[in-house]
Amino acid sequence: MDKTNLDLKPGEKIYFASDFHLGVTKGTHPSDHEKKITRWLDQIKNDAAGVFLVGDIFDFWFEYKHVVPKGFIRFQGKLAELVDLGIPVVLFTGNHDMWMFDYFPKHLGIPVIKNPTKFQIGQQYFLVGHGDGLGPGDRVYKILKNIFANKFCQWLFGWLHPNLGVALAKYWSSKSRISSAKSNDDFKGEKERLLQYCKQIEIKEHHDYYVFGHRHLPLELEVGESSTYFNLGEWVHGSVYLIFDGKQCKLEQFEG
């Protein structure tokens, strides 16, 4: 998709999902996890007018100049099928897969977006992004994110042999909350950082819907009288996604 304006025909829907964490070593078997996601993509292709994958789709992803992480063939093949059917797919980077560059745009025709972006879908305005590093506080992570996003640091990491680089990344990933958590994070009420971020943005510019991931907790919270924040949860311990039918948004659960 090369534009931020989408029209819906009668019966068409827009789908949002995030935090698949493909490749995670905890929870279900990695291939079962991937197959579940491809079943979901196969199910929605008949009425999808667009699919937004909102970050941390992979538990780790780093594109070397001539190498990408192995695996995920079923998933990539299904994405290619959707694109070939004329269904726009948009991929956002998250904190686990921020090192995406030109592989998906060049080989699958899928744009990669790194920052929260405004979309008009029908008559509604959406602000969509992964959500990491937004809102007040969390200074240590924001510093680390700037380091990881630094092009010189990425260049240095790219000189590591893939066997070593991927092994280091998998070790780091094994310590993450998605690998160790048995349940979703606790709800923090009005102290939810992304909710506070949405309220700050809403004061400056109206959006009907704010859609983020990262939090690993499905949420539907009021931002203002005519504005709602949705968090998409995650797919390691759950499988929640968001549907927009042109009139309203609704969180749904895939396969129970």
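One can find the structure itself at the top, above this paragraph.
Please read these numbers as outputs of a predicted model, since none were measured by experiment.

Asker: Explain the environment of Gln 43 here, please?
Answerer: Along the chain, Gln 43 turns up in helix α1 (residues 30-44). Residues Gln 43 and Phe 254, spaced 211 residues apart in sequence, show a C-alpha to C-alpha distance of 10.0 Å. Those residues in contact with Gln 43 that lie beyond four places of it in its chain are Tyr 241 and Phe 254.

Asker: So what exactly am I meant to see when it comes to the pattern of salt bridges here?
Answerer: Where side chains of opposite charge bring their charged atoms close, a pairing between them can arise. Evaluated as defined, the whole model comprises 11 salt bridges. Among the salt bridges present, the one from Asp 42 reaches Lys 78, with a minimum N-O distance of 2.9 Å. In this pair, Asp 42 is assigned in helix α1 and Lys 78 in helix α2 (residues 73-84), connecting sequence segments 36 residues apart. Asp 42 sits in the partly exposed class, given a relative accessible area of 32%. Connected through shared salt-bridge partners, Asp 42, Lys 45, Lys 78 and Glu 81 make up one network.

Asker: What should I look at first to understand the pairing of strand β12 (residues 249-253) in this one?
Answerer: Residues in a regular strand project their side chains so that they alternate between the two faces of the sheet. The pairing of strand β11 (residues 240-244) with β12 spans five bridges and is classified as antiparallel. Bridged to Tyr 241 within β12 is Glu 252. In textbook terms, the turn of a hairpin is the stretch between consecutive antiparallel strands, and for β11 and β12 this stretch comprises four residues, one of which, Gly 246, has a positive phi near 100°.

Asker: What should I look at first to understand α2 in this one?
Answerer: Taking 1.5 Å per residue, 12 residues should reach 16 Å; α2 reaches 16 Å between its end C-alpha atoms and fits that length. Among all positions in α2, only Phe 75, Gln 76, Lys 78, Leu 79 and Leu 82 are buried. Looking straight down α2, one finds that the buried residues subtend no more than 160° of arc, so they occupy a single side. Opposite its buried face, α2 presents the exposed residues Ile 73 and Asp 84, each directed more than 90 degrees away. Just downstream of α2 lies Gly 86, where phi reads positive at about 90°.

Asker: For this particular structure, what's the right way to read the nonpolar core?
Answerer: The tendency in soluble globular proteins is for nonpolar side chains to be buried side by side. If you look at the biggest cluster of nonpolar residues, it comprises 31 residues, and the most contacted ones within it are Phe 20, Trp 40, Leu 53, Phe 75 and Phe 104. Taken together, the elements giving at least two residues each to this core come down to β2 (13-17), α1, β3 (48-54), α2, β4 (89-92), α3 (103-108) and β11. Of the residues forming this core, the biggest block, four residues, is contributed by α1. Leave out the neighbours within four places in its chain, and Leu 53 touches Ala 17, Phe 20, Trp 40, Phe 75, Leu 79, Val 89, Val 90, Leu 91 and Phe 92. Counting 20 residues, the second largest nonpolar core, distinct from the first, contains Phe 92, Tyr 209, Leu 242 and Cys 249.

Asker: Help me out: how do you make sense of the sheet that holds strand β5 (residues 112-113) in this one?
Answerer: Sheets are built from strands that pair by backbone hydrogen bonding, the pairs being arranged parallel or antiparallel. A sheet is described by the order of its strands in space; here six strands give the open sequence β5-β4-β3-β2-β11-β12, paired in mixed fashion. A strand with exactly one partner marks an edge of an open sheet, and here the two such strands are β5 and β12. Note that β2 and β11 share three bridges and pair antiparallel. Among the inter-strand pairings, Ile 14 is bridged to a residue of β11, identified as Phe 244.

Asker: Honestly, unusual backbone geometry in this entry has me stumped. Any pointers?
Answerer: With the exception of glycine, the majority of residues adopt a negative phi angle, and the majority of peptide bonds are in the trans configuration. In this structure, Asp 19 takes a positive phi of about 55° despite not being glycine. In this structure, Asp 19 sits in the loop between β2 and α1. With phi around 60°, Phe 72 is a residue other than glycine that occupies positive phi space. One can find Phe 72 in the loop between β3 and α2.

Asker: I'm lost on helix α8 (residues 193-204) in this one. Help?
Answerer: Turn by turn, an α-helix covers 3.6 residues, leaving residues three or four places apart pointing in a common direction. Relative to the 16 Å expected for 12 residues at 1.5 Å per residue, α8 spans 17 Å between its end C-alpha atoms, a close match to the ideal helical length. Among the residues of α8, Leu 194, Leu 195, Tyr 197, Cys 198, Ile 201 and Glu 202 are the ones counted as buried. Taken around the axis of α8, the buried residues stretch over an arc of 155°, which confines them to a single face. Turned more than 90 degrees away from the buried face of α8, the exposed residues are Ile 203 and Lys 204. Contacts from the buried residues of α8 go to β7 (124-129), β8 (209-212), β9 (218-224) and β10 (227-232).

Asker: Can you help me understand the sheet that holds β7 in this one?
Answerer: Ordered in space as β1-β6-β7-β8-β10-β9, the six strands form an open sheet in which the pairing is mixed. The strands lining the two open edges of the sheet, one partner per strand, are β1 (5-6) and β9. For β7 and β8, the ladder comprises four bridges, and the chain directions are parallel. When the bridges of β8 are listed, Phe 126 appears paired with Tyr 209. On the sheet, α8 packs against β7, β8, β9 and β10 and is oriented at approximately 30° with respect to β9.

Reading the values: rules and limits
Residues numbered from 1 in each chain as written. Predicted model: local features only at pLDDT ≥ 70, side-chain atom pairs only at ≥ 80, totals over all residues. Heavy atoms only, no water. Helix = DSSP H or I, 4+ residues; strand = E, 2+ residues; numbered from the N terminus. Contact = heavy atoms within 4.5 Å. Salt bridge = Lys/Arg side-chain N within 4 Å of Asp/Glu carboxyl O. Buried < 20%, exposed > 50% of the residue type's maximum accessible area, 1.4 Å probe, protein only. Pairing = 2+ DSSP bridges. Expected span 1.5 Å × (residues − 1). Arc of directions from axis to C-beta. Core = buried A, V, L, I, M, F, W, Y, C linked by side-chain atoms within 4.5 Å. Axes fitted to C-alpha atoms, helices over the stretch in contact; angles between N-to-C directions.

Any link to function would need more than the numbers given here.
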